[in-house]
Every structure is written in C-alpha cells, then in structure tokens.
Amino acid sequence: MKAIVCPKYGPPEVLQIADMPQPKPNAGELLVKVKAVAVTVADARIRGARFPAGFGVIARLIFGIAAPRRPILGGCFSGQVVAVGEGVTEFSLGDDVLGMKGFELGAYAEFVTIGQQHAVAKKPKKLSYSQAAALVFGGTTALFFLKKLADLQAGQHILINGASGSVGSSAVQIAKALGAKVTAVSGPKNIKLVKSLGADTAVDYSQEDVKNHHDRYDVVMDTVGNLSLSECENILKPRGKCLLVMAGLPKMIQAATYHRRSPKQIQAFTGTASESKDDLELLASLSVQKKLDPVLTQVFSFKDVVAAHRLVDTGHKVGNVVLEL
Ligand SMILES: NC(=O)c1ccc[n+]([C@@H]2O[C@H](COP(=O)([O-])OP(=O)(O)OC[C@H]3O[C@@H](n4cnc5c(N)ncnc54)[C@H](OP(=O)(O)O)[C@@H]3O)[C@@H](O)[C@H]2O)c1
C-alpha cells in the first residue's frame, strides 16, 4: 500500500510517499481503507521532534530516539471497513468509521487496522469523510479538558484562548453545547469565525489584552500556552479553573501544586487527552445534533502532505487540516 513515511525528524520535506506492507487485521480488529486523515499539531510535533519544553527526552523514548520508531505518522482518520478479524461483532464490512490511533499512529496510509474496542465509531452519514477526520483531534481534546477535568457547567463563563485552532474551535462549540457563556480569543482574521461557532464575545488579541479582564471567568482554557498561571489567576473568579492544554513540563509541575499557594484557590489542570470510543461516539452524536460542526478550511490531496505540514507549522491554521485519499 502507499503510505506517507517520516524516515527522520526534520522539516515537512522529510515526508515521502513510499510502498509499505499492508496491515492485516488480527482477532478483534478492523481493516479500514482510509479516506481522509487529519494533519494535526501532534503529527507536526513528532515529525519535527518539536516537543513541549522539558519533554524532549521522554518524547524521544516514546516516539524514537534518532528517528520516528513508527515511520507512518497520523492518528485521526476516517474510512471504510474492508475486512474484519475473527470475533469482530460491532462492525461489518462496508461500515464507514472515524477513529483515533493515539501514540500508535499509522493513519497516513491507504489502510489502517484498529481494535473494535478501541477508539473507533461509526461515521454519521451527514459528515463527509474529511469532516469526520477533522472532528477527532480537537474534539477529543476539548471533551477531555472541558468535561473530564473542568466539569464545565451551564451558566459558567469560560475564556478560550486560541479559539480558532483545532482544539479551540471544538471547545467553543462544546462549551456552548454544555450551556456555558464563551469568550473566544483569536487573531483579527478569525473573529467572524469564532462568533459563527457560537462565542458570546470574541476578543481580537491584536487589539485587546485579556490579561486585563480581572476576576471575570469561571474557567480559562489556554490552547496557545502564552498565559502564565498567575495571569490566569488574575482573570479567574475565586475557585476558578485553569485548563492548560498547551504546557511544558515546568508549567505542569507548577500547576500540580498551584492550588496550595493560590490566593483565589484556583485549580490548574494539565494532561494529555486520551482517545476513547465513548468520546468519538459523543462527538459523532453532537455533530448529528448540529451542536458540533468541525471547522475544515484546508483539504489537501495525499501527495501534498508537505504543503499541509507547512501550513500546520505556521501555528495559525484555521480549525483542521485534512489529507484526502
Ligand atoms: N494536552 C493535550 O492533550 C493536547 C491535545 C491536543 C493539542 N494540544 C496542544 O494544544 C495546542 C493547540 O493545538 P491546536 O491543534 O488547536 O493548534 P492550532 O490548530 O494550530 O491552533 C493554534 C491557534 O493558536 C492561535 N494563536 C496563535 N497565536 C496566538 C496568540 N498570540 N494569542 C491567541 N491565539 C493565538 C491561532 O489563532 P490565530 O491564527 O487566530 O492567531 C491558532 O488558531 C498545541 O500546542 C497542541 O500541541 C495538547
């Protein structure tokens, strides 16, 4: 099968199309013919060995010391089930699915296998393959931080920094679906977009500094990583929650004990969103209910993966970027 391989760490140009062995489904696994795969910040970080501060050594132990141990990148995909292993009962040949491979990667390819119990769900008919692939990365991250960590409640006021990106654009919509009031921060070009996603207030960071919004929010979600914990504390109400989606190791260590010395008793949360079938089913259901519309502004063909990675590397992609096969 054709696959995009990353034989060494480096700029987008290290990516190449190569012939690789087609995976075979083991017992309990599906073989999926990939139709669309997201190009995420995570893929670009692995390709470039650009890991958050303090994670360089740990990440190379996971992903490969001198070069990616798993040369086929890609975690978030959609496609069609074309074969099933022994004992598969939840899916049938011809089912359209969306899935997430997590640290296993391997979805930048014509075929991918995934266990039926793992993060794979049926694709809603109303979503195209590209939209389905675009739903996964930001959607699962937003659910992890907003529901699991912050337990965001109706009526609470949340500030989402980096609201136009993959995580931010999902978080704005999921926070609204949970009944929260949303202030979304983005650059000037994306103000219209974040309002269209449901934000009650949109702040253009080139015109207004949210660090001056003292004591205003129940929850602050930072997907950019340019707010310090004390700056988050200033803009949070007492006992507010700070969600550090983008944080290096020093900030994570600081966050773990921050509540002990926080004058307003705020809680800071960090962590790595994990993939789950339940989350994918919830995302699919939210999309069917028209509460979550994956923002998909750039679709590339498989052969244009280098251009797709260049765009992701800018740090200013809008919503999600997808490769179609
Ligand atoms: N902890 C986890 O489990 C987890 C999971 C997924 C992602 N992440 C991390 O979360 C981060 C965001 O991921 P993503 O996929 O959403 O990235 P993305 O799609 O590239 O979005 C980044 C956003 O940041 C905005 N931005 C850039 N500079 C800004 C500034 N000065 N102030 C406010 N916003 C600014 C950009 O908006 P404009 O273009 O409008 O400036 C862009 O939309 C990444 O660093 C990623 O590694 C963590």
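Above this text you will find the structure in question.
Described below are features of the structure shown in this document. Treat the numbers as computed from the prediction; the structure is a model and nothing was measured.

So, about the layout of surface pockets. When its volume is computed, the second largest pocket comes out at roughly 240 Å³. Every residue lining the second largest pocket is counted, 14 residues in all, and those nearest its centre are P23, I72, E104, L105 and G106. Of the residues in the lining of the second largest pocket, the class split is nine nonpolar, two polar and three charged.

This part takes up helix α1 (residues 41–48). For α1, the complete set of buried residues consists of D43, A44, I46 and R47. Burial along α1 is one-sided: seen end-on, the buried residues are contained in an arc of 160°. Lining the buried residues of α1 we find β3 (29–38), α2 (56–63) and α10 (305–313). Note on α1: the residue one or two positions beyond its end, A49, has a positive phi of about 50°.

Considering the arrangement of structural elements, one finds T183 in strand β9 (residues 181–186). Among the residues examined, T183 registers a relative accessible area of 2% and is labelled buried. Excluding its chain neighbours within four sequence positions, the residues that come into contact with T183 are H157, I158, L159, I160, T201, V203 and Y217.

It is worth spelling out the packing of helix α3 (residues 129–149) against helix α9 (residues 277–288) at this point. Running from N to C, α3 and α9 cross one another at 105°; their axes reach a closest spacing of 10 Å. Accordingly, the angle class assigned to the pair α3 and α9 is roughly perpendicular. Packed against α3, whose contacting residues are L135, V136, G139, T140, L143 and K147, the element α9 presents D279, L280, L282, L283, A284 and S287 at the interface. The residue inventory of the contact of α3 with α9, partitioned by class, reads seven nonpolar, three polar and two charged.

A few words on a nonpolar patch on the surface. A surface patch of nonpolar side chains, amounting to about 320 Å² of accessible area, comprises V57, L61 and I65. Inspection of the secondary structure assignment puts I65 in the loop between α2 and β4 (76–84).

As a further point, take the site of the ligand. Neighbouring residues of the ligand: 27 residues in total, closest S164, Y205, G271, A273 and K317. Between the ligand and the protein, one listed contact pairs an oxygen atom with a backbone N or O atom of V167 at 2.9 Å. Within the backbone of A273, a nitrogen or oxygen atom sits 2.7 Å from an oxygen atom of the ligand. Protein chains shield 86% of the accessible area of the ligand, which is 930 Å² for the free molecule. For the shell around the ligand, the secondary-structure elements that each account for two or more residues are α1, α3 and α4 (166–177). When residues of the shell around the ligand are assigned to their parent elements, the largest contribution, three residues, is made by α3. For the shell around the ligand, a count of residues per class yields nine nonpolar, 16 polar and two charged.

Rules and cut-offs
- Residues numbered from 1 in each chain as written.
- Predicted model: local features only at pLDDT ≥ 70, side-chain atom pairs only at ≥ 80, totals over all residues.
- Heavy atoms only, no water.
- 1 Å grid on protein atoms, 1.4 Å probe; cavity = no way out; pocket = protein on both sides within 12 Å on 5 of 7 lines; lining within 4 Å.
- Points joined across faces, edges and corners; volume = space filled by probe spheres on them.
- Nonpolar A, V, L, I, M, F, W, Y, C, P; charged D, E, K, R; others polar.
- Buried < 20%, exposed > 50% of the residue type's maximum accessible area, 1.4 Å probe, protein only.
- Helix = DSSP H or I, 4+ residues; strand = E, 2+ residues; numbered from the N terminus.
- Arc of directions from axis to C-beta.
- Contact = heavy atoms within 4.5 Å.
- Axes fitted to C-alpha atoms, helices over the stretch in contact; angles between N-to-C directions.
- Parallel < 35°, antiparallel > 145°, perpendicular 65-115°, else oblique.
- Patch = residues over 30% accessible without salt bridge, like charges linked within 9 Å, V, L, I, M, F, W, Y side chains within 5 Å.
- Areas by Shrake-Rupley, 256 points an atom, 1.4 Å probe, with all protein chains shown as cover.
- Salt bridge = Lys/Arg side-chain N within 4 Å of Asp/Glu carboxyl O.
- Near = heavy atom within 4 Å.
- Polar contact = N/O pair within 3.5 Å; in protein donor to acceptor, adjacent residues only side chain to side chain.

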